[in-house]
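Here are the chains, one letter per residue:
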Amino acid sequence: PGVTADNRLGIWSEGSGALELIAREGERPPGTEGDVVFDWFKRALLSGNGQTAFRARLTGADVDDSNDSGIWAEREGQLRLVARTGDLAPGTEPGVRFDSLGEPVLNGVGQTAFIGWVTGPGISNRNNSGIWAVDRSGVVRIIVRAGEPLVTDNGVMGPVYSVDLAYTQSNREDGRPGPFKGRHGVNTPFTIGP
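Conventions and cut-offs
As a convention, each chain's residues are numbered from 1 in the sequence order in which they are written. With pLDDT at 70 or above as the cut-off, local features in this predicted model cover only qualifying residues; side-chain atom pairs require 80 or more to be listed or tallied, and sums for whole chains, interfaces and linings still use all residues. Calculation of side-chain values draws on the structure's entire complement of heavy atoms; hydrogens and water are dropped beforehand. The criterion is simple. A nonpolar core is a set of buried Ala, Val, Leu, Ile, Met, Phe, Trp, Tyr and Cys residues joined through side-chain atoms within 4.5 Å. Each residue is placed in one exposure class: buried if its accessible area under a 1.4 Å probe, protein chains only, is under 20% of its type's maximum, exposed if it is over 50%, and partly exposed if it falls in between. Comment: elements are numbered from the N terminus, with helices defined as DSSP H or I runs of at least four residues and strands as E runs of at least two. What makes two residues a contact is simply this: any of their non-hydrogen atoms within 4.5 Å. Two joining distances apply to patches: 9 Å for like charges and 5 Å for nonpolar side chains (Val, Leu, Ile, Met, Phe, Trp, Tyr), and every residue must have over 30% relative accessible area and no salt bridge. Residue exposure ignores everything except the shown protein chains as possible cover, and the areas themselves are Shrake-Rupley values with a 1.4 Å probe. Any carboxyl oxygen of Asp or Glu that lies within 4 Å of a side-chain nitrogen of Lys or Arg is treated as forming a salt bridge with it. Working definition: rings of Phe, Tyr and Trp (its six-membered ring) pair if their centres are within 6.5 Å, and the pair is stacked with planes under 30 degrees apart, edge-to-face with planes over 60 apart, and tilted otherwise. A residue's pLDDT is the predictor's confidence in that residue, given on a scale from 0 to 100. His is not counted, nor are the chain ends, whereas Lys and Arg count as positive and Asp and Glu as negative. Throughout, a charge is located at the NZ atom of Lys, the CZ atom of Arg, the CG atom of Asp or the CD atom of Glu.

Participant: In this structure, what is going on with the nonpolar core? I would like to understand it.
Facilitator: Most often, soluble globular proteins have nonpolar side chains that are buried together. Within the largest apolar cluster, 16 residues are counted, with the highest numbers of intra-cluster contacts made by Val82, Phe98, Phe114 and Trp132. Elements supplying a minimum of two residues to this core: strand E6 (69–75), strand E7 (78–84), strand E8 (97–101), strand E10 (112–119) and strand E11 (129–134). Residues contacting Val82, with those up to four places away along its chain left out, are Ile71, Trp72, Ala73, Phe114, Val134 and Val140. Judged by nonpolar contacts, the second largest core, of 12 residues, contains Phe38, Ala56, Trp72 and Leu79.

Right, here's the structure in full:
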């Protein structure tokens, strides 16, 4: 009863010890306002500490192509917005916003990382992508960005040519390939080019 095409999909998890609804189509996502609701979900992830993360598409009167998707993750027992298209991209120049978001990855200490593509003043195809991650205090920070210099212990090596969350075969806690490791924080694989 009450189930329609607009609310039939959801994400459930036993991460807390009991099966619980995490998110459902037709519900307002945390971190949004107005009549915004979840429209559909991309594959959900579950870390070894029981945290869930996922990417979702949104719908509503105030939703358009510039702000229709986001990444949510559980933190301290609550589902929270990590990033949404149309939002200002942390660690970038004023006016630069997320244009699209890749799939999130998780680690066992409650951190979520993702690739983001940005748009705005001064953005070109040489500097329009980066990797962001949630630090241990819950703040989203940029880790590396295309077009910026790579600084190593021995000095500057040159600009980052492209970024990727390169996948290996066995280092994610959910058993899927991925680069985001546990206690040591974020792996940031990238390609260095001219």
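Participant: Sorry, what's going on with a nonpolar patch on the surface here?
Facilitator: A cluster of nonpolar residues, Trp12, Leu19 and Leu21, forms a patch on the protein surface that exposes about 330 Å² of accessible area. With respect to the secondary-structure elements, Leu21 resides in strand E2 (residues 20–24).

Participant: What is the right way to look at the packing of aromatic side chains in this model?
Facilitator: Both the distance between ring centres and the angle between the ring planes are used here to describe each pair of aromatic rings. All chains considered together, the criterion is met by 8 aromatic pairs. With 5.1 Å between their ring centres and 75 degrees between their planes, Phe38 and Trp72 make a pair best called edge-to-face. Separated by 34 residues along the polypeptide, Phe38 in strand E3 (residues 37–41) and Trp72 in strand E6 bring together distant segments of the chain. Among the aromatic residues, those joined into a cluster by ring pairs are Phe38, Phe41, Phe54 and Trp72.

Participant: What is the right way to look at the confidence of the model for the protein in this model?
Facilitator: Should pLDDT be low for a region, the predicted coordinates there are not to be read in detail. Residues with a pLDDT of 70 or more make up 85% of the protein, whose mean pLDDT is 83. No element of the protein has a lower mean pLDDT than strand E15 (residues 190–192), which averages 37, and none a higher one than E8, which averages 97. Scored below 50 in pLDDT, residues 167–171 shows 12 contacts in the model against residues more than four places distant or in partner chains. Within the model, pLDDT remains below 50 along residues 180–194, and this stretch shows 47 contacts once partners closer than five positions in the same chain are excluded.

Participant: Looking at this structure, how should I read the pattern of salt bridges?
Facilitator: If the charged atoms of two oppositely charged side chains come close together, the side chains can form a pair. The full count for this structure, using the stated rule, is 5 salt bridges. For the salt bridge of Arg55 with Glu103, the shortest nitrogen-to-oxygen distance reads 2.6 Å. Residue Arg55 is found in strand E5 (residues 52–59), and its partner Glu103 is found in the loop between E8 and strand E9 (105–106); the two are separated by 48 residues along the sequence. Of the charged contacts in the structure, one is a salt bridge between Arg141 and Asp135, with a shortest N-O distance of 2.6 Å. Looking at Arg141, the relative accessible area reads 45%, which means it is partly exposed.

Participant: In this structure, what is going on with a negative patch on the surface? I would like to understand it.
Facilitator: A cluster of like negative charges, contributed by Asp35, Asp62, Asp64 and Asp65, occupies part of the molecular surface. Turning to its location among the elements, Asp62 is positioned in the loop between E5 and E6. Its relative accessible area of 53% is what places Asp62 among the exposed residues.

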